[in-house]
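The chain contents come next:
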Amino acid sequence: MTSQEAQQYCTELARRSGSNFYYSFFFLPQERRDAMHAVYAFCREVDSVVDDPAPGSDPRTHLARWRADVGALYCADGAGRATAANPVIVCLADHIRRLGIPQEYFDEIIAGVEMDLTITRYATFRDLYQYCYRVASVVGLTCLKIFGARAPEAQTYAVNLGVAFQLTNILRDLKPDGARGRIYLPTEDLQRFGCSEKELLAGAYTPEFTRLMEFQCRRAREYYRAAEAALPASDRQALLPAEIMRAIYRTILERIESSRYAVFTQRITLSPPRRLAVALKAWLACRLK
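All figures in this text were calculated on a predicted structure; none of them were measured in a lab. (Residues numbered from 1 in each chain as written. Predicted model: local features only at pLDDT ≥ 70, side-chain atom pairs only at ≥ 80, totals over all residues. Heavy atoms only, no water.)

Q: It is not clear to me how the pattern of salt bridges should be interpreted in this structure. Could you clarify?
A: Opposite charge on two side chains allows them to pair when their charged atoms are near. As enumerated under the stated definition, the model contains 16 salt bridges in all. The partner of Arg134 in a salt bridge is Glu108, with the nearest N and O atoms 3.1 Å apart. Here Arg134 is found in helix H8 (residues 125-147), whereas its partner Glu108 is found in helix H7 (residues 103-115), with 26 residues between them in sequence. Each of the salt bridges in this network shares a partner with another, and the network as a whole consists of Asp51, Asp116 and Arg182. (Salt bridge = Lys/Arg side-chain N within 4 Å of Asp/Glu carboxyl O. Helix = DSSP H or I, 4+ residues; strand = E, 2+ residues; numbered from the N terminus.)

Q: What's the story with the packing of helix H1 (residues 3-17) against helix H3 (residues 30-51) in this structure? I'm lost.
A: In helix packing, the relevant descriptors are the interaxial angle and the interaxial distance, both defined with respect to the helix axes. Contact pair H1 / H3: the axes reach a minimum separation of 8 Å and the direction vectors enclose 70°. Between H1 and H3, the angle falls in the class roughly perpendicular. Contacts between H1 and H3 involve Gln7, Tyr9, Cys10, Thr11, Leu13, Ala14 and Ser17 from the former and Asp34, His37, Ala38, Tyr40, Ala41, Arg44 and Glu45 from the latter. Split by residue class, the contact of H1 with H3 holds seven nonpolar, four polar and three charged. (Axes fitted to C-alpha atoms, helices over the stretch in contact; angles between N-to-C directions. Parallel < 35°, antiparallel > 145°, perpendicular 65-115°, else oblique. Contact = heavy atoms within 4.5 Å. Nonpolar A, V, L, I, M, F, W, Y, C, P; charged D, E, K, R; others polar.)

Q: Help me out: how do you make sense of H8 in this one?
A: Within an α-helix, residues lying three or four positions from one another point in the same direction, as the helix has 3.6 residues per turn. Of all the bends in H8, the greatest measures close to 45° and is centred on Tyr133. With 17 of 23 residues buried, H8 lies mostly within the body of the structure. (Bend = angle between axes of the 7 residues up to and from the residue. Buried < 20%, exposed > 50% of the residue type's maximum accessible area, 1.4 Å probe, protein only.)

Q: Where do I start with empty space enclosed by the protein in this structure?
A: The rolling of a water-molecule-sized probe over the atoms marks out the regions of remaining empty space. Applying the stated criterion across every chain, the model contains one cavity of 30 Å³ or more. Space inside the largest cavity adds up to approximately 30 Å³. Considering the residues around the largest cavity, the lining is formed by Leu174, Gly178, Arg182, Ile183, Leu200, Leu201 and Phe264. Of all the elements in the fold, those that place two or more residues in the lining of the largest cavity are helix H10 (174-179) and helix H12 (197-202). Each residue belonging to the lining of the largest cavity can be placed in one class, and the counts come to five nonpolar, one polar and one charged. (1 Å grid on protein atoms, 1.4 Å probe; cavity = no way out; pocket = protein on both sides within 12 Å on 5 of 7 lines; lining within 4 Å. Points joined across faces, edges and corners; volume = space filled by probe spheres on them.)

Q: What is the right way to look at the layout of surface pockets in this model?
A: For the largest pocket, the calculated volume is near 1300 Å³. Together, 49 residues line the largest pocket, and Phe21, Asp47, Asn169, Arg172 and Tyr249 are the ones closest to its centre. Within the residue set of the lining of the largest pocket, elements represented by two or more residues are H3, H7, H8, helix H9 (153-172), H10 and helix H14 (240-258). Within the lining of the largest pocket, the residues separate by chemical class into 26 nonpolar, 11 polar and 12 charged.

Q: Help me out: how do you make sense of the packing of aromatic side chains in this one?
A: Here a ring pair, both rings aromatic, is described through the centre-centre distance and the interplanar angle of the planes. Evaluation of the coordinates by the stated rule reveals 15 aromatic pairs. For the pair Phe125 and Tyr223, a centre-to-centre distance of 6.1 Å together with 45° between the ring planes defines the contact as tilted. Taken as a pair, Phe125 in helix H8 and Tyr223 in helix H13 (residues 207-230) lie far apart in primary sequence, 98 residues in all. Here Tyr223 falls in the buried class, since its relative accessible area comes to 17%. Judged by centre distance (5.6 Å) and plane angle (85°), the rings of Tyr205 and Phe209 are edge-to-face. Judged by relative accessible area, Tyr205 falls into the partly exposed class, the value being 38%. The cationic tip of Arg192 hangs over the ring face of Phe215; the distance from NZ or CZ to the ring centre is 4.6 Å. For the cation-ring pair, Arg219 lies above Phe125, with the distance from its terminal atom to the ring centre recorded as 4.0 Å. (Phe/Tyr/Trp six-rings, centres within 6.5 Å; stacked < 30°, edge-to-face > 60°. Lys NZ or Arg CZ within 6 Å of the ring centre and 35° of its normal.)

Q: Just to check I follow, could you spell out the packing of H14 against helix H15 (residues 272-288) for this structure?
A: Relative orientation of the contacting elements H14 and H15 amounts to 130°, with a least axis distance of 9 Å. Judged on the interaxial angle alone, H15 and H14 are oblique. In this structure, the crossing between H14 and H15 has a hand that is right-handed. Every residue of H15 that contacts H14 at Leu240, Glu243, Ile244, Ala247, Ile248, Thr251 and Arg255 is listed here: Arg274, Arg275, Val278, Ala279, Ala282, Trp283 and Cys286. Considered class by class, the residues forming the contact of H14 with H15 number nine nonpolar, one polar and four charged. (Left-handed = near helix turned anticlockwise from the far one by under 90°.)

Q: It is not clear to me how the environment of Ala279 should be interpreted in this structure. Could you clarify?
A: With respect to the helices and strands, the residue Ala279 is situated in helix H15. Between the C-alpha atom of Ala279 and that of Tyr23, which follows or precedes it by 256 residues, the distance is 7.0 Å. Ignoring anything within four residues of it in the chain, the contact list for Ala279 reads Phe27 and Ile244.

So this is what it looks like as structure tokens:
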């Protein structure tokens, strides 16, 4: 597979996904947009190994293969690109070299996804934070390389924003995660508000559940505020795509709250026109600043 064919594969995967992130890609120059498509495709396909495994497949074996393919890209002889049959790996090769994305970022993302194979409960928020960092914050750190952000504060911005995104996803996806037997909300929080696992998995709307969700939404908002406070003025234009994502995900969190946490009866999301409107508003705000 040629680099061009591999890039087309990643771009098409990102386009078909309908992801909130896809709308922020529009505002990148072509070369950086291509890199984002490659990183998005990597995250999407690695995640699918665990969440949507092929019948009879062994997710651990597949993740080990992804880890080995990524490692090969960083070999001095560049053998990884020459031998890879995976279009995502072929596509990543040029972008990794050009942008200087560290191998540890990809290894951390794989490690985060791998946690879903063995962990279905998190005792404390500290435990959950490690998961959020690996599957979301590290993606943000990777994006800094693509966006060209240079200020040291940008790393704090990316880490906090990643945690905010993942917490929003967790609140939105309580029902599908529960169907997989997973509860990401910390056990200490369930106990604090008197919400049992049985009630949560059954989708019961109780006063205890409402208070639990109010607390979780406040926590997510704190991370959005922390990210905004860390946004370096010198990198504001470079971080425009991240600011667009922040606006979209913050709007989803607001809808979760305005629905009174009706996450068991509907998947709270934004329509494509609404996402585009939010993206354009964030773009305008960034330009005016």
